[in-house]
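Structural overview for review
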Amino acid sequence: KAGVTQTPRYLIKTRGQQVTLSCSPISGHRSVSWYQQTPGQGLQFLFEYFSETQRNKGNFPGRFSGRQFSNSRSEMNVSTLELGDSALYLCASSFGQAGDTQYFGPGTRLTVL
Amino acid sequence: AQTVTQSQPEMSVQEAETVTLSCTYDTSESDYYLFWYKQPPSRQMILVIRQEAYKQQNATENRFSVNFQKAAKSFSLKISDSQLGDAAMYFCAYLDNFNKFYFGSGTKLNVKP
């Protein structure tokens, strides 16, 4: 069974630009969660999508948004990039029931110059 | 909000020896799930072990086992017969009933040959 995939693996952008990251979950999984990992703040929850609906949201500004498609693939968008948005962005998929194990993708490394 | 504390930023163990990584958490919920994830230099988060809070029996997975003390809100990971491939960052994580993860700051494990 294929694991969670994320594209692209690396991105370099400049301040003010916007970026879209993609996540394809494990086949059969309907929940996709996004996390930001930085040396200073550690791993922080961004949001979760289940059946094309945002079900849960972390404490991030509105510049961070996402969506999920009918095939459960999810995209995350960051607009008006800031230097502090440089991070490893991880997505994780699960069946979506309470307590289900989340399986992580390899991450997208975003660098904002 | 739930908090997860890993008080050991870095630990070292000799190959074939046993090491225990500590984790404590704070919650007012009675039903939740606890996980240990491993993040090697490749940055992919890999599930090590999972524990349901309603289960008194400690989870085990081959060389990995946990000591779950619900009253003390403690969830330590024991790695037996340590191998070079165990070297990584280890994250303790609390999963609430809304599928939201709260991660500790991580413990870097070094394995000496």
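Anyway, here's the lowdown on the structure attached to this text. (Residues numbered from 1 in each chain as written. Chains lettered and ligands numbered in written order. Predicted model: local features only at pLDDT ≥ 70, side-chain atom pairs only at ≥ 80, totals over all residues. Heavy atoms only, no water.)

Let us look at the state of the cysteines. Residues and elements named next belong to chain A. For the structure shown, the criterion picks out two disulfides over all chains. Two residues share a disulfide in this structure: cysteine 23 and cysteine 91, whose sulfurs sit 1.9 Å from each other. Between cysteine 23 and cysteine 91, the S-S dihedral sits near 75°, and the bridge is therefore right-handed. Here the residue cysteine 23 occupies a position in strand β3 (residues 19-24), and cysteine 91 occupies one in strand β9 (residues 87-94), the gap between them amounting to 68 residues. (Disulfide = S-S within 2.5 Å. Helix = DSSP H or I, 4+ residues; strand = E, 2+ residues; numbered from the N terminus.)

The biggest cluster of nonpolar side chains holds 27 residues, and the ones touching the most others in it are Tyr25, Trp36, Phe75, Leu77, Tyr90 and Leu109 of chain B. In terms of residues, this core owes the most to one element, strand β10 (residues 88-95) of chain B, which gives four residues. Leaving out residues up to four positions away in the same chain, tyrosine 90 of chain B has contacts with Gln6, Leu21, Trp36, Tyr37, Lys38, Val48, Phe64, Leu77, Ile79, Gly106, Thr107 and Leu109 of chain B. Ile26, Val32, Phe60 and Met76 of chain A belong to the second-largest nonpolar core, a separate cluster that totals 21 residues. (Core = buried A, V, L, I, M, F, W, Y, C linked by side-chain atoms within 4.5 Å. Buried < 20%, exposed > 50% of the residue type's maximum accessible area, 1.4 Å probe, protein only. Contact = heavy atoms within 4.5 Å.)

Opposite the 18 residues of chain B that make contact, chain A presents 25 residues. Taking both partners together, chain B and chain A bury about 1,700 Å²; carbon and sulfur atoms supply 50% of that area. By the criterion of area lost to chain A, the three top residues of chain B are Arg43, Asn99 and Lys100 of chain B, representing 33% of everything that side buries. Counting across the interface, chain B meets chain A through zero salt bridges. At the level of secondary structure, the elements contributing two or more residues to the side of chain B that touches chain A comprise β5 (33-39), β6 (46-52), β10 and β11 (101-103) of chain B. (Buried area = accessible area lost by both parts, 1.4 Å probe. Salt bridge = Lys/Arg side-chain N within 4 Å of Asp/Glu carboxyl O.)

The probe, sized like a water molecule, is rolled over the atoms to show the empty space still left. Taken as a whole, the largest pocket spans an internal volume of roughly 380 Å³. Lining the largest pocket are 18 residues, and of these Leu43, Gln44 and Phe45 of chain A together with Tyr102 and Phe103 of chain B sit closest to its centre. Among the secondary structure elements, those contributing two or more residues to the lining of the largest pocket are β5 (42-50) of chain A together with β1 (3-5) and β11 of chain B. Here the element with the most residues in the lining of the largest pocket is β5 of chain A; it accounts for four residues. Roughly 160 Å³ of volume is contained in the second largest pocket. Gln37, Thr38, Pro39, Gly40, Gln41, Gly42, Leu43 and Arg109 of chain A together with Arg43, Met89, Phe91 and Ser105 of chain B together form the lining of the second largest pocket. Class assignment for the residues of the lining of the second largest pocket results in four nonpolar, six polar and two charged. (1 Å grid on protein atoms, 1.4 Å probe; cavity = no way out; pocket = protein on both sides within 12 Å on 5 of 7 lines; lining within 4 Å. Points joined across faces, edges and corners; volume = space filled by probe spheres on them. Nonpolar A, V, L, I, M, F, W, Y, C, P; charged D, E, K, R; others polar.)

Turning next to the pairing of β10 of chain B. Side-chain direction in a regular strand flips from residue to residue, so the side chains alternate between the two faces of the sheet. Residue and element names in this part refer to chain B. Of all eight residues making up β10, seven are buried, and the element is well covered by its neighbours. Taken together, the seven bridges between β5 and β10 define a ladder with antiparallel strand orientation. Its bridge partner being in β10, leucine 34 is matched across the sheet by tyrosine 94. Here β10 runs beside β11; their pairing, made up of three bridges, is antiparallel. Note that in β11 the partner of leucine 95 across the bridge is phenylalanine 101. Hairpin connection of β10 to β11: five residues between the antiparallel strands, including asparagine 99 at a positive phi of 65°. (Pairing = 2+ DSSP bridges.)

Pairing between sheet strands relies on hydrogen bonds along the backbone, with the strands arranged either parallel or antiparallel. Residues and elements named next belong to chain A. The strand order across the open sheet formed by four strands is β1-β3-β8-β7, and the pairing between neighbours is antiparallel. Looking along the sheet, the strands with just one partner apiece sit at the ends: β1 (5-7) and β7 (64-68). Averaged over all pairs of adjacent strands, the angle between strand axes in this sheet comes to 20°, irrespective of strand direction. Bridge count between β7 and strand β8 (residues 74-78): five bridges; the pairing is antiparallel. The partner of arginine 67 across the bridge, within β8, is glutamate 75. (Axes fitted to C-alpha atoms, helices over the stretch in contact; angles between N-to-C directions.)

Before going further, it helps to spend a moment on the packing of aromatic side chains. All names here are of chain B. Tallying each qualifying case throughout the model produces 21 aromatic pairs over all chains. Between tyrosine 32 and tyrosine 94 the ring centres are 5.0 Å apart and the planes differ by 25°, which places this aromatic pair in the stacked class. Linking tyrosine 32 in the loop between β4 (24-26) and β5 with tyrosine 94 in strand β10, this pair joins segments that are 62 residues apart in sequence. Among the residues examined, tyrosine 32 registers a relative accessible area of 2% and is labelled buried. Arranged with centres 5.7 Å apart and planes meeting at 85°, the rings of tyrosine 37 and phenylalanine 101 form a pair that is edge-to-face. One end of the pair, tyrosine 37, is in strand β5; the other, phenylalanine 101, is in strand β11, and 64 residues separate them in sequence. Residue tyrosine 37 shares its accessibility class with phenylalanine 101, and that shared class is buried. (Phe/Tyr/Trp six-rings, centres within 6.5 Å; stacked < 30°, edge-to-face > 60°.)

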